[in-house]
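Spelled out from the first residue to the last, the chains are:
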Amino acid sequence: MIERIATAAVLIPVVLLLVLWAPIALVALVTAGIALLTVREFLKLTEGYGVEPMRKPTYGAFLFFFLLLLINAGQERPLLSTEIFGIFAAFAAALVPFVFLTIVMRRENLSSGYPAAATSAFGFAYIALPLAMLVQLRQQWAGAFLILYLLLVVWAGDILAYFVGRSLGRHLIARRVSPKKTWEGAAASLLASMLVGGALFSYSSSLSTMLLRWGWIQRRDGMFGLEKPAMVPVLLLTAGLNLAAQLGDLVESLIKRGAGVKDSGAILPGHGGMLDRIDALLFAAPVLWLWAAWRVAH
């Protein structure tokens, strides 16, 4: 617990400064680094399934994808940027399986080719696309506020689920996948997320004004006045984000359980690997991006 708190105390201010204050190009660059660390852990996990992963082509695909995103990071028209990203992401998701399958044709052991290509293609959809959506979300109107909202909603749900699950949890959600996750913890997680999400949007104008006054955000990065949506849609969105985050946590537990490991890595003391830390965001980010893209389009 001490390690978890110490690591969080160091990382949380860095993450918040990156989200609120850093230029979008720097956000894209740091996110690319996180994506590479995460996919490295993911490919290591797949060895537990007997897969011979194709590391260099996978890293190359990730770097190329984020390089293109970095080039477009200075786009100042959110609607155009969102449309371009949506088309580009869909095309990349459709193209990468064929690229990886073409590369594995060179393997001497052809029976290992398809599992390796499928693993890399899944890793691209599972890790690269959701993280790229966070970068593009930062480009949209109120992007910094929305990412702050996402992080706090996920963190609040994760923290309360941990403590309630440990102290009051009795009914397991999925014994074989995650023997410590309980329905009591899940309910507490949903409640915490909705309280935090509702409070953030209730005070969005005041919070955005304060951050703007401190110089932590530009005006386009906050949420002011009439920009604030109605509370019922916000609570529904928050509930959807929480459920997606909890499902993301369970999915990563499934992958680790099948590989026979407890943590995806050890890069973050007390938290395990990078994938352990962002597994919930990988499922929640696409939900928020879709809502934000609809908001920008309308």
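Scope of this entry: the structure provided in the associated data block. On a predicted model such as this, the values are computed, not experimentally measured, just so you know. (Residues numbered from 1 in each chain as written. Predicted model: local features only at pLDDT ≥ 70, side-chain atom pairs only at ≥ 80, totals over all residues. Heavy atoms only, no water.)

**Looking at the nonpolar core**
Here is step 1 of the chain: Residues Phe 66, Ile 127, Leu 146, Leu 150 and Leu 288 are the most contacted members of the largest nonpolar core, which totals 73 residues.
Here is step 2 of the chain: If one sorts the elements of this core by residue count, helix H5 (residues 113-139) sits on top with 14 residues.
Here is step 3 of the chain: Look past the residues within four positions of Phe 66 in its chain and what remains in contact with it is Ala 28, Thr 31, Ala 32, Ala 35, Ala 128, Leu 131 and Ala 132. (Core = buried A, V, L, I, M, F, W, Y, C linked by side-chain atoms within 4.5 Å. Buried < 20%, exposed > 50% of the residue type's maximum accessible area, 1.4 Å probe, protein only. Helix = DSSP H or I, 4+ residues; strand = E, 2+ residues; numbered from the N terminus. Contact = heavy atoms within 4.5 Å.)

**Some details on the side chain of Asp 249**
Here is step 1 of the chain: Structurally, Asp 249 can be placed in helix H9 (residues 231-259).
Here is step 2 of the chain: Under the relative-accessibility criterion, Asp 249 is labelled buried at 19%.
Here is step 3 of the chain: A distance of 3.3 Å separates polar atoms of two side chains, one belonging to Asp 249 and the other to Lys 181.
Here is step 4 of the chain: With near-sequence residues (within four places) excluded, Asp 249 lies in contact with Lys 181, Asp 279 and Ala 280. (Polar contact = N/O pair within 3.5 Å; in protein donor to acceptor, adjacent residues only side chain to side chain.)

**What to know about unusual backbone geometry**
Here is step 1 of the chain: The phi torsion at Ala 142 lies on the positive side, around 60°, for a residue other than glycine.
Here is step 2 of the chain: Mapped onto the secondary structure, Ala 142 falls in the loop between H5 and helix H6 (143-168).
Here is step 3 of the chain: Given the relative accessible area of 1%, Ala 142 is considered buried.

**Quick notes on the pairing of strand E2 (residues 178-182)**
Here is step 1 of the chain: Pairing of strand E1 (residues 172-174) with E2, which is carried by 2 bridges, proceeds in the antiparallel orientation. The residue bridging Leu 172 from the neighbouring strand is Thr 182, located in E2.
Here is step 2 of the chain: In textbook terms, the turn of a hairpin is the stretch between consecutive antiparallel strands, and for E1 and E2 this stretch comprises 3 residues. (Pairing = 2+ DSSP bridges.)

**Re the environment of Trp 289**
Here is step 1 of the chain: With respect to the secondary-structure elements, Trp 289 resides in helix H10 (residues 274-297).
Here is step 2 of the chain: For Trp 289 and Met 133, which are 156 residues apart along the polypeptide, the C-alpha to C-alpha distance reads 6.2 Å.
Here is step 3 of the chain: Excluding residues within four positions of it along the chain, Trp 289 makes contact with Thr 82, Phe 85, Gly 86, Met 133, Gln 136, Leu 137 and Gln 140.

**Observations regarding the pattern of salt bridges**
Here is step 1 of the chain: As enumerated under the stated definition, the model contains 7 salt bridges in all.
Here is step 2 of the chain: Linking Lys 181 and Asp 249 is a salt bridge whose minimum nitrogen-to-oxygen distance equals 3.3 Å. Linking Lys 181 in strand E2 with Asp 249 in helix H9, this pair joins segments that are 68 residues apart in sequence.
Here is step 3 of the chain: Here Lys 256 and Asp 276 are joined by a salt bridge, their closest N and O atoms 2.9 Å apart. With a gap of 20 residues between them, Lys 256 in helix H9 and Asp 276 in helix H10 connect regions that are remote in the sequence. (Salt bridge = Lys/Arg side-chain N within 4 Å of Asp/Glu carboxyl O.)

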